[in-house]
Amino acid sequence: MSTNNKELLEKMYAYLRRHNPEVCRHWFDEILVAGVEGGLLRLVVNEPVRLKYLQRTCVASFTEAAQAASGRLMTVRFVASEVEKVDTSVRLVRQSGGSSENNFTETPMLLDEQMLLCPDYCFDAFVVGPGNRLAHAASLAVASKLGRAYNPFFIHGAVGLGKTHLLQAICQTTLRNQPATRILYISCNTFMDAFHECVKAGRMGDFRLRFRNVDLLVIDDIHFLSKREQTQEEFFHTFNMLHQSGRQIVLSSDAAPSEIPALEERLISRFNSGLVARIDRPCYETRVAILKSKAKLHDLQLLDDVAAYVAARIDSNIRELEGALTKIRGFALALGRSIDLDLAKEALGVNVLIVGSKNNQPSMQTILDSVSLYYDVKMTDLLGKRRHKSIVLPRQICMWLARRHTRYSLEEIGGYIGGRDHTTVLHAVRTVTARSNMDDGLRSDVERLEEGLRLVSPSPTTSAH
Ligand code: ADP
Ligand code: MG
C-alpha cells in the first residue's frame, strides 16, 4: 500500500472516530487499499464475515469519510482481494443494503438476506464467567463437532446476556473452519414470515427446500413460536428431518423449553432431548472484564477505576453495560475531554431513567436520550437530516413515543426533532404503529422503551389522538 493510500486511510479513520465512533473497530487497521480509480476507492478485507458486514452496514459511513478525507467525490467499495475485477457499472452512491458483491465462491451456503453476522460476536470476544460458562463451553463443543456434541443445543436466558453472541460465534467458527458447511442463521420471526409467505403463495416446496437442505440450522429467539400453531407444526417436521439426518440444530430463547407459553408438548420434548444451557446475569468481575473487552474492540482507553465504576452501577444486562460505555464515549467526544472517572460519573449521572419532569410526562430530551441509548444512535443524528435506515427508524420511534407519552402537538414534536413539519411526525406515528403491529421484534423494542419511560413518569399520558 502506498504512503498516499495509507495517509488516506488514516485520515478516514480519524474522521470516523470523530463522526461515527460506533462503527470503528480495532481490526480496521487490517484493511488495505487496493486502489483508487475513477472515483472508486476499493478496500480489501480478507475475512469473509468482516467483509460482508462492512459491505452491508458501512459503505455509507466509509464513503462519507473518504469524501471528507480526500475532498473528492468518491465511493467506497469493500472487496475480498486486490485482484477482484473493477465493476465499471458501479453506481456512484451505493446503498449500504445493496447488491451482493461478495465473491465467496468457496462457501456455497445459504448466504441469504438474513445471514448477516456481526464480526464482534465471535468466541474471542466472549468473556467467560460463572453465569455463562456452561453455555460457552457447549457452544465451543457444538462448533467443533457439528451434529455430534449436543444436538439440539438450546440456550436460554434473559435479554442482553449473550445468546445471540454465542449463536453467531458458532456460525462464524464453522464458517472459518469448514467453509463448505451449509449454514442457515435466522431469527424466529424471519422463519415465521418465510413460512407464511410460502403458505400464501402455495410454495411450500421452496420453503422445505430452503430449510431442510442445511447442515447447521440456527434459530434465534425461538420463543416467538409461542401460540403459532401452524408454524410449530411445520417447524416440528423441519426439526425432525434435520435431526434424523444428523444435522446440527442450535436454538436460543428467553425461557427454558417448558416455560415457553403455548408451545406444543412434542416440541418441548425435542428441545429437551439435547443440551439445554441457561445463561445467568454476569457477576461484577465478569462485567468489568466485558467492559474492557468492549472498549478494546472499539479501540477505547478505559481506566480501571472507570470500568469498576460502570460495572458497579449497572448490573442488569450486558447490552445496558455497552449502552453506558457508548454514552461515556459520546460525552467525551462532545466535550472534547478524555475518559476518566469524573467524566463517567457525569455521563451516567444524567441517567435517562431518573431524569423526569413534574407533570408525569417524560420530557422530549428524556425520550431522545432513551432512544439514542437504546439504538446506539447519536443525538445529532436523531435531530439531523441523515436518511440512513439505521437512523430513520429510531427517529420515527422518538416521534411515536412523544405522541403517545406527552401532550405536545405534532408541530411541537416535529419542531423539537430537527425542525420537521407535522406531516412528517404524523407519517412517523403511523409507520411505527403499523410496523410494530406486524413485527414482534419492533414491538418488544418499543415496549422496552416505554417501560423505561414509565419508570420516569409512573402514569404516562396516553392521550387519545
Ligand atoms: P441476547 O441475545 O441474549 O439478548 P446478545 O447476544 O445480543 O444478548 O448480547 C448483548 C450484548 O452483550 C452484545 O453486544 C454482546 O456482544 C454482549 N455480550 C453478552 N455477553 C457477553 C460476554 N460474555 N462477553 C462479551 N460480550 C457479551
Ligand atoms: Mg438475542
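Fair warning: this is a prediction, and the values are worked out from it, not measured in the lab.

Colleague: So what's going on with the overall build of the chain? Which residues, and what values?
Modeller: Scanning the chain from terminus to terminus reveals 19 helices and eight strands. Going through the 465 residues of the chain one by one, you find that 51% of them count as buried. Counted over contacts in the chain with a minimum sequence separation of 6, partners at least 24 positions apart contribute 72%. Summed over all atoms, the accessible surface of the chain reaches about 21,600 Å², with 52% contributed by carbon and sulfur.

Colleague: Residues and numbers for the sheet that holds strand β1 (residues 32-37), please.
Modeller: Strand order in this open sheet of three strands is β1-β2-β3, and the pairing throughout is mixed. Unpaired on one side and paired on the other, β1 and β3 (75-79) mark the two borders of the sheet. Pairwise comparison of adjacent strand axes, ignoring direction, gives a mean angle of 25° for this sheet. For strand β2 (residues 40-44) and β3, the ladder comprises five bridges, and the chain directions are parallel. Bridging across to β3, Leu43 finds its partner in Phe78.

Colleague: I'd like a rundown of the environment of Val45, residues and numbers included.
Modeller: Along the chain, Val45 turns up in the loop between β2 and α2 (48-57). By relative accessible area, which is 5% here, Val45 ends up buried. Linking Val45 and Val79, residues 34 residues apart in sequence, is a C-alpha distance of 6.1 Å.

Colleague: Pulling in residues and values, what's your account of the site of ligand 1?
Modeller: With respect to spatial proximity, 18 residues lie near ligand 1, and among them Val127, Gly160, His165, Lys294 and Glu322 are the closest. Here Gly162 contributes a backbone N or O atom positioned 3.1 Å from an oxygen atom of ligand 1. The contact in question runs from an oxygen atom of ligand 1 to an N or O atom on the side chain of Glu322, over 2.3 Å. Here ligand 1, which alone exposes 560 Å², has 96% of that area covered by the protein. When contributions to the shell around ligand 1 are tallied by element, the ones reaching two or more residues are α5 (163-177), α10 (284-297) and α12 (318-335). Here the shell around ligand 1 is composed, by residue class, of nine nonpolar, five polar and four charged. The residue makeup of the shell around ligand 1 includes at least three contributed by each of domain 2 (113-279) and domain 3 (291-348).

Colleague: Describe in detail the nonpolar core, supporting the description with residues and values.
Modeller: Residues Ile219, Ile222, Phe235 and Phe271 are the most contacted members of the largest nonpolar core, which totals 30 residues. At the level of elements, β5 (183-187), α6 (188-200), α7 (204-212), β6 (216-220), α8 (229-244), β7 (248-253) and α9 (265-272) are the ones that each hand at least two residues to this core. Element by element, the count of residues in this core is highest for α6, at six residues. With near-sequence residues (within four places) excluded, Ile219 lies in contact with Leu167, Ile186, Ser187, Cys188, Phe191, Phe235, Val250, Leu251 and Ser252. Listed in part, the 28 residues of the second largest apolar core include Leu16, Val45, Phe62 and Ala69.

Colleague: Please set out the pairing of β5 residue by residue, giving values where relevant.
Modeller: In terms of residue burial, β5 counts as a mostly covered element, since four of its five residues are buried. The pairing of β5 with β6 spans five bridges and is classified as parallel. In the strand pairing of β6, Leu184 is matched with Leu217.

Colleague: Requested: an account of unusual backbone geometry, with residues and values cited.
Modeller: Residue Asn151 is joined to Pro152 through a cis peptide bond whose omega torsion reads 0°. If you check the backbone angles, Asp299 has positive phi at about 60° while not being a glycine. As for its placement among the helices and strands, Asp299 is situated in the loop between α10 and α11 (304-313). With a relative accessible area of 54%, Asp299 lands in the exposed category. Non-glycine residue Asp376 carries a positive phi angle of around 55°. By secondary structure assignment, the location of Asp376 is in the loop between α14 (364-375) and α15 (379-383).

Colleague: Provide a residue-level description of helix α4 (residues 133-144), including the pertinent values.
Modeller: End to end, α4 covers 17 Å across twelve residues, agreeing with the expected 16 Å (1.5 Å per residue, within 8%). Looking at α4, one finds that the buried residues are Ala135, His136, Ala138, Ser139, Ala141, Val142 and Ala143. Where α4 is buried, its residues touch β4 (153-157), α5, β7 and β8 (275-279).

Colleague: Quick one: what's the story with the packing of aromatic side chains, residue by residue and with numbers?
Modeller: As enumerated under the stated definition, the model contains 15 aromatic pairs in all. Aromatic side chains Phe195 and Phe207 sit 5.6 Å apart centroid to centroid with 70° between the ring planes, which places their arrangement in the edge-to-face category. Highlighted residues: Phe195 in helix α6 and Phe207 in helix α7, separated in sequence by twelve residues. Using a relative accessible area of 3% as the deciding quantity, one classes Phe195 as buried. The class of Phe207 is buried, set by a relative accessible area of 1%. Ring plane angle 40° and centroid distance 4.5 Å describe the contact between Phe207 and Phe211, whose orientation is recorded as tilted.

Colleague: Requested: an account of the pattern of salt bridges, with residues and values cited.
Modeller: Scanning the model with the defined rule gives 18 salt bridges in all. With a closest N to O distance of 3.9 Å, Asp315 and Arg281 form a salt bridge. Placement of the pair is Asp315 in the loop between α11 and α12 and Arg281 in the loop between β8 and α10, with a sequence separation of 34 residues. Residues participating in the shared-partner salt-bridge network are Arg208, Arg212 and Glu234.

Colleague: Report on the confidence of the model for the chain, specifying residues and quantitative values.
Modeller: In this model, the chain carries an average pLDDT of 86, and 88% of its residues clear a pLDDT of 70 or more. Note that residues 86-111 has pLDDT below 50 and, in this model, 50 contacts with residues that lie over four places away or in other chains. Considering only residues more than four positions removed or in separate chains, one finds that residues 459-465, a stretch of pLDDT under 50, has 17 contacts.

Colleague: If you had to explain the packing of α10 against α11 to someone new, which residues and values would you point to?
Modeller: In contact at an axis separation of 9 Å, α10 and α11 are set at 125° when each is read in the N-to-C sense. Classified by the interaxial angle, the pair formed by α10 and α11 is oblique. In this structure, the crossing between α10 and α11 has a hand that is right-handed. Across from Tyr284, Arg287, Val288, Leu291 and Lys292 in α10, the residues of α11 making contact are Asp304, Ala307, Ala308, Val310, Ala311 and Ala312.

Cut-offs applied
Residues numbered from 1 in each chain as written. Chains lettered and ligands numbered in written order. Predicted model: local features only at pLDDT ≥ 70, side-chain atom pairs only at ≥ 80, totals over all residues. Heavy atoms only, no water. Helix = DSSP H or I, 4+ residues; strand = E, 2+ residues; numbered from the N terminus. Buried < 20%, exposed > 50% of the residue type's maximum accessible area, 1.4 Å probe, protein only. Contact = heavy atoms within 4.5 Å. Areas by Shrake-Rupley, 256 points an atom, 1.4 Å probe, with all protein chains shown as cover. Pairing = 2+ DSSP bridges. Axes fitted to C-alpha atoms, helices over the stretch in contact; angles between N-to-C directions. Near = heavy atom within 4 Å. Polar contact = N/O pair within 3.5 Å; in protein donor to acceptor, adjacent residues only side chain to side chain. Nonpolar A, V, L, I, M, F, W, Y, C, P; charged D, E, K, R; others polar. Domains from an automatic or database assignment. Core = buried A, V, L, I, M, F, W, Y, C linked by side-chain atoms within 4.5 Å. Expected span 1.5 Å × (residues − 1). Phe/Tyr/Trp six-rings, centres within 6.5 Å; stacked < 30°, edge-to-face > 60°. Salt bridge = Lys/Arg side-chain N within 4 Å of Asp/Glu carboxyl O. pLDDT = per-residue confidence, 0-100. Parallel < 35°, antiparallel > 145°, perpendicular 65-115°, else oblique. Left-handed = near helix turned anticlockwise from the far one by under 90°.

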